[in-house]
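# Summary of the model geometry
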Amino acid sequence: MTTYVSVAYEDQLTFAVVQKLFSLRKDLSIGENIHCNGQGKIKKRILSYNLMAKNGKPAFVVTDLDQKECPATLISEWLGDVPVSENLLFRVAVREVESWVLADISSITRFLGVGKKLIPENTDTLPDPKAFLIQLAKKSKKRDIKGIIPRNESASIGLDYNHQLCRFVQEHWRIENAILHSPSLKRSVERLKNWNL
């Protein structure tokens, strides 16, 4: 029997990663998908998602750690003393979902056309994974990769950023390789695999 799970996430790239993660569980399927367009709406709604889960509607919520000290601090700040429902799986990417994407080092370097040595062994240590990924793209000689790079200083990402990186996740990103280089991803994969609904 398939269990449908509501998913809340910050952006398109995170959703592409979540879809790939859900492929690990044949008994789970994404039901309602809630594109929150940034962290603010997730923070505002997290207590509602927790209550929804408590009332029997499972939810999987993913956000970025950004500059918070650690995932436990963020979760504590957002939920306070409210007990987390067993039907809510709340995961935090350290420091952004891009660190999870970069963690499949062999695939992402092949995709970008750059050297493997440019990426640290633990991608969770990157202070700004998105900026780091864009810097890697600047080193690429592949024409289609240039769309990842912002055209001007006022833009944080290139016009083709989401399209290219979502395509990479869907077609090339391998979870089994990525968990070797991102402890926060590894913890999230283990929690998802062992999530009893």
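The structure reproduced in this document is the subject of the present report. Keep in mind that what you see is a predicted model, and the values were worked out from it rather than measured.

A separate point is the packing of helix α1 (residues 12-22) against helix α7 (residues 161-171). Between α1 and α7, the least distance of the axes is 9 Å, while the angle of their chain directions is 10°. Relative to α7, the element α1 is oriented roughly parallel. Where α1 abuts α7, its residues Gln12, Leu13, Ala16, Val17, Gln19 and Lys20 lie against Tyr161, Asn162, Leu165, Cys166, Val169 and Gln170.

What follows is about the pattern of salt bridges. In the structure shown here, the tally under the stated rule is six salt bridges. Across the pair Lys57 and Glu32 runs a salt bridge whose closest N-O atoms are separated by 3.4 Å. Taken together, the residues span a long stretch of sequence, with Lys57 in the loop between α2 (39-54) and β3 (59-64) and Glu32 in strand β2 (residues 28-35) at a distance of 25 residues. Residue classification places Glu32 among the partly exposed positions, given a relative accessible area of 41%. Beyond isolated ion pairs, a larger network of salt bridges with shared partners links Asp144, Arg167 and Glu171.

The four strands lie next to each other as β2-β1-β3-β4, forming an open sheet whose pairing is parallel. In this open sheet, the two strands that pair with only one neighbour each are β2 and β4 (88-93). Averaged over all pairs of adjacent strands, the angle between strand axes in this sheet comes to 25°, irrespective of strand direction. Here strand β1 (residues 3-9) runs beside β3; their pairing, made up of three bridges, is parallel. Looking at β3, one finds that Ala8 is bridged to Val61. Across the sheet, α1 is in contact with β1, β2 and β3; its angle to β2 comes to roughly 170°. Along the sheet face, α2 touches β1, β2, β3 and β4 and points at about 155° away from the line of β3.

What counts, and at which threshold
Residues numbered from 1 in each chain as written. Predicted model: local features only at pLDDT ≥ 70, side-chain atom pairs only at ≥ 80, totals over all residues. Heavy atoms only, no water. Axes fitted to C-alpha atoms, helices over the stretch in contact; angles between N-to-C directions. Helix = DSSP H or I, 4+ residues; strand = E, 2+ residues; numbered from the N terminus. Parallel < 35°, antiparallel > 145°, perpendicular 65-115°, else oblique. Contact = heavy atoms within 4.5 Å. Salt bridge = Lys/Arg side-chain N within 4 Å of Asp/Glu carboxyl O. Buried < 20%, exposed > 50% of the residue type's maximum accessible area, 1.4 Å probe, protein only. Pairing = 2+ DSSP bridges.

By themselves, these figures tell us nothing about what the structure is for.
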